[in-house]
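Architecture and fold: a report
Here is how the chains run, residue by residue.
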Amino acid sequence: MSNYKHILLAADFSRHGLAVAERAKDLANLYQAKLSITHIVDNLVTMDMAYEPSIAYDFDLSAELMASAKNHLSKLADQFNIPENQRWLEIGNPKMEIVRIAEENQADLIVIGSHGRHGLALLLGSTANGVLHHAKCDVLAVRLQNDD
Ligand code: AMP
C-alpha cells in the first residue's frame, strides 16, 4: 500500500476534537503527508434558526456562525501548524461537503471522530457514518469513548 499524501481532518470543535486532530497530525507526520482541515457550518442549523419566529434580531445568522466557525478553525489550525491555504470552511451538509472537499483536493485519507457534538447515542455518529458511506478515499474514524 502506498503512503498517504494528503490527509483531511474533519473538525467539529466538539470536546473530542483535539484527540481527532492529534491522530490526524500523527498520521501526517508518519506518512510525511500534507495535512488539511475542514469545518462545515451545517445549513440545517442555520435554516432552523433563521426561521425561528422568536428571534427578534435582524442580523445575518449565517454570517455570524461563519465568523465564529472561522475563529475556531483558525485556532485549531494554528495549533497544528496547518497553513491558511489548507483550511476549508464551508456551509452546507457536513457529510456531503467533507466528501466533496476531499475529492476536489485529492485527499487520500479523511480523519474524523467516531462521534462529535451529537454524542454517543449511536454506534457511529451520523456525519461519520455518512462520510464512510460516500467517500471515495480511505476514512479513519477515531474511536472516541465516553470519557474522552
Ligand atoms: P457526528 O457523526 O456528527 O457525531 O460527528 C463525527 C465526526 O464527524 C466528528 O468527530 C468530526 O470529526 C466530524 N464532523 C461532524 N460534524 C462536522 C462538521 N460540521 N464539520 C466538520 N467535521 C464534522
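Here, every reference points to the structure presented above.
Criteria and cut-off values
- Residues numbered from 1 in each chain as written.
- Predicted model: local features only at pLDDT ≥ 70, side-chain atom pairs only at ≥ 80, totals over all residues.
- Heavy atoms only, no water.
- Core = buried A, V, L, I, M, F, W, Y, C linked by side-chain atoms within 4.5 Å.
- Buried < 20%, exposed > 50% of the residue type's maximum accessible area, 1.4 Å probe, protein only.
- Helix = DSSP H or I, 4+ residues; strand = E, 2+ residues; numbered from the N terminus.
- Expected span 1.5 Å × (residues − 1).
- Pairing = 2+ DSSP bridges.
- Right-handed = clockwise from strand over helix to strand, strands pointing away.

One broad trend across soluble globular proteins is that nonpolar side chains are buried collectively. I7, L9, L35, I37 and V111 are the most contacted members of the largest nonpolar core, which totals 25 residues. At the level of elements, strand 1 (6-10), helix 1 (17-31), strand 2 (34-42), helix 3 (61-79) and strand 4 (109-113) are the ones that each hand at least two residues to this core. By residue number, the principal contributor to this core is helix 1, which donates five residues. Among the nonpolar cores identified, the runner-up in size contains 14 residues, and I110, A128, V131 and A135 belong to it.

Now for helix 3. The end-to-end C-alpha distance of helix 3 is 27 Å, a good match for the 27 Å that 19 residues give at a rise of 1.5 Å each. Where helix 3 ends, the next residue or the one after it, N81, has phi of about 55°, a positive value.

Turning next to the pairing of strand 2. Taking burial as the measure, the nine residues of strand 2 include seven buried ones, the bulk of the element. Note that strand 1 and strand 2 share five bridges and pair parallel. Among the inter-strand pairings, I7 is bridged to a residue of strand 2, identified as L35. Tracing the backbone out of strand 1, into helix 1 and back to the parallel element strand 2 gives a crossover that is right-handed. In this structure, strand 2 lies alongside strand 3 (residues 87-92), joined through six bridges in parallel fashion. Pairing of T38 across the sheet is with W88, part of strand 3.

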